Amino acid sequence: KKGEIVGFLGPNGAGKSSTMRILTGYLPPSSGCVEIAGLDILNHSLEVRSKVGYMPENVPLYTDMPVRPFLEYRASLKGVSKKQVKPRVDESIEKCGLSEVGRKMIGNLSRGYRQRVGLADALVHDPDLLILDEPTAGLDPNQIRSVRDLIKTLGQEHTILLSTHILPEVEMVCNRAIIINRGKIEASDTLENLSGKVQSGALFIEIKADSKDARDQLLKLDCISNVSIKDEADGWAFLECLSKPGKDPRESVDALIKDQKWPLREFHHDKASLEDVFVELTQE
């Protein structure tokens, strides 16, 4: 939707790169149809391309050109009028933090700055939709944080489709995620709703009780799917309780502990992460 930052996820070979190439008009679809902003990509190819900015994983740059002339050249290739080339390049340079290196040769820039040049290139014609493929690949932690903040800022004005294998990045940046596997969509929802579609994390408790008896009692609860004995020593049992999808076991387990009068030493709940969701939906 307009104004969303959407994470596009899937294991290797799931079809992410092919999908992005189709969306950008780089690869024709073998069947079906694709619309961007209500326009069919085959019947309105040039118009669709004018609305899309694409940054592939390996950004293709002319390393023997300085940053500003390169962006001016790219703007003219993308159909930006002569009057608008300078203001569009100025705005892209400012947004992407390239003011200090505008006259430097691209070949002399660090990888982080090259990624920024690729992003400025994708932005220079002011597209409605930005498609970013692994935008932080190969960057150091400081550069990753910087590019991540930049993507958040750009998301205020553009719709962004972000493909990455770095799942915490999706959790920090995106409003929604689409997970594909073997060319089919397995899930498409907000991150919060996706977590509810799988086992809702694990509840860890440490109680003074017979571990096997405690496990049997816990398994009788409607919200619990499995209980593992992680450790037992000096009469204390450390247990991991997995809940059923969409269930929060804390209230029921707490009530059982009070009812059985088990002394309690630990009680904490780990929510299902995006990684848990991804693995459950895509692993055989």
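Residues numbered from 1 in each chain as written. Predicted model: local features only at pLDDT ≥ 70, side-chain atom pairs only at ≥ 80, totals over all residues. Heavy atoms only, no water.

### Looking at the packing of helix H3 (residues 67–77) against helix H5 (residues 111–123)
For the pair H3 and H5, interaxial distance at closest approach is 9 Å and the crossing angle is 30°. Classified by the interaxial angle, the pair formed by H3 and H5 is roughly parallel. Here the hand of the crossing between H3 and H5 comes out right-handed. On H5, the residues touching Val-67, Phe-70, Leu-71 and Arg-74 of H3 are Val-117, Ala-120 and Asp-121. When its residues are assigned to classes, the contact of H3 with H5 shows five nonpolar, no polar and two charged. (Axes fitted to C-alpha atoms, helices over the stretch in contact; angles between N-to-C directions. Helix = DSSP H or I, 4+ residues; strand = E, 2+ residues; numbered from the N terminus. Parallel < 35°, antiparallel > 145°, perpendicular 65-115°, else oblique. Left-handed = near helix turned anticlockwise from the far one by under 90°. Contact = heavy atoms within 4.5 Å. Nonpolar A, V, L, I, M, F, W, Y, C, P; charged D, E, K, R; others polar.)

### What about the sheet that holds strand E11 (residues 236–243)?
Read across the sheet, four strands follow the order E10-E11-E9-E12 without closing on themselves; strand pairing throughout is antiparallel. Of all strands in the sheet, those with a lone pairing partner are strand E10 (224–233) and strand E12 (264–270), marking the two edges. Each neighbouring strand pair of the sheet contributes to a mean axis angle of 15°, computed without reference to strand direction. Strand direction decides the pairing type here: strand E9 (residues 202–208) and E12, joined by six bridges, are antiparallel. Residue pairing across strands places Phe-204 opposite His-268, the latter belonging to E12. Contacts from helix H9 (residues 211–219) reach E9, E10 and E11, with the element oriented near 165° to E10. Its contacts with the sheet put helix H10 (residues 250–260) on E9, E10 and E12, and the angle it makes with E12 is roughly 170°. (Pairing = 2+ DSSP bridges.)

### With respect to H10
Of all the positions in H10, only Val-253, Leu-256 and Ile-257 are classed as buried. Seen end-on, H10 carries its buried residues on one side only, within an arc spanning 100°. Pointing more than 90 degrees away from the buried face of H10 are the exposed residues Glu-251, Lys-258 and Asp-259. Against the buried residues of H10 lie E9, H9, E10 and E12. (Buried < 20%, exposed > 50% of the residue type's maximum accessible area, 1.4 Å probe, protein only. Arc of directions from axis to C-beta.)

### Observations concerning the packing of aromatic side chains
For the structure on display, the rule yields three aromatic pairs. Each ring, one from Tyr-62 and one from Tyr-73, has its centre 6.1 Å from the other, and the planes form 40°; the classification is tilted. Pair noted here: Tyr-62 is in the loop between strand E4 (52–55) and H3 and Tyr-73 is in helix H3, with a separation of 11 residues, a long-range link. Its relative accessible area of 43% is what places Tyr-62 among the partly exposed residues. By relative accessible area, Tyr-73 is classed as partly exposed at 35%. Arranged with centres 6.0 Å apart and planes meeting at 15°, the rings of Phe-204 and Phe-238 form a pair that is stacked. (Phe/Tyr/Trp six-rings, centres within 6.5 Å; stacked < 30°, edge-to-face > 60°.)

### Looking at the sheet that holds strand E8 (residues 184–190)
Where strands meet in a sheet, backbone hydrogen bonds hold them as pairs that are either parallel or antiparallel. The strand order across the open sheet built from six strands is E4-E5-E6-E1-E7-E8, with neighbouring strands paired in mixed fashion. On the outer flanks of this sheet lie E4 and E8, each paired with one strand and no other. Each neighbouring strand pair of the sheet contributes to a mean axis angle of 15°, computed without reference to strand direction. Bridge count between strand E1 (residues 5–9) and strand E7 (residues 176–181): four bridges; the pairing is parallel. Considered in E7, the bridge of Phe-8 is made with Ile-178. The strands touched by H5 within the sheet are E4 and strand E5 (129–133), with E4 carrying the most contacts at an inclination of about 165°.

Functional significance is not addressed by these values, which are geometric in nature.
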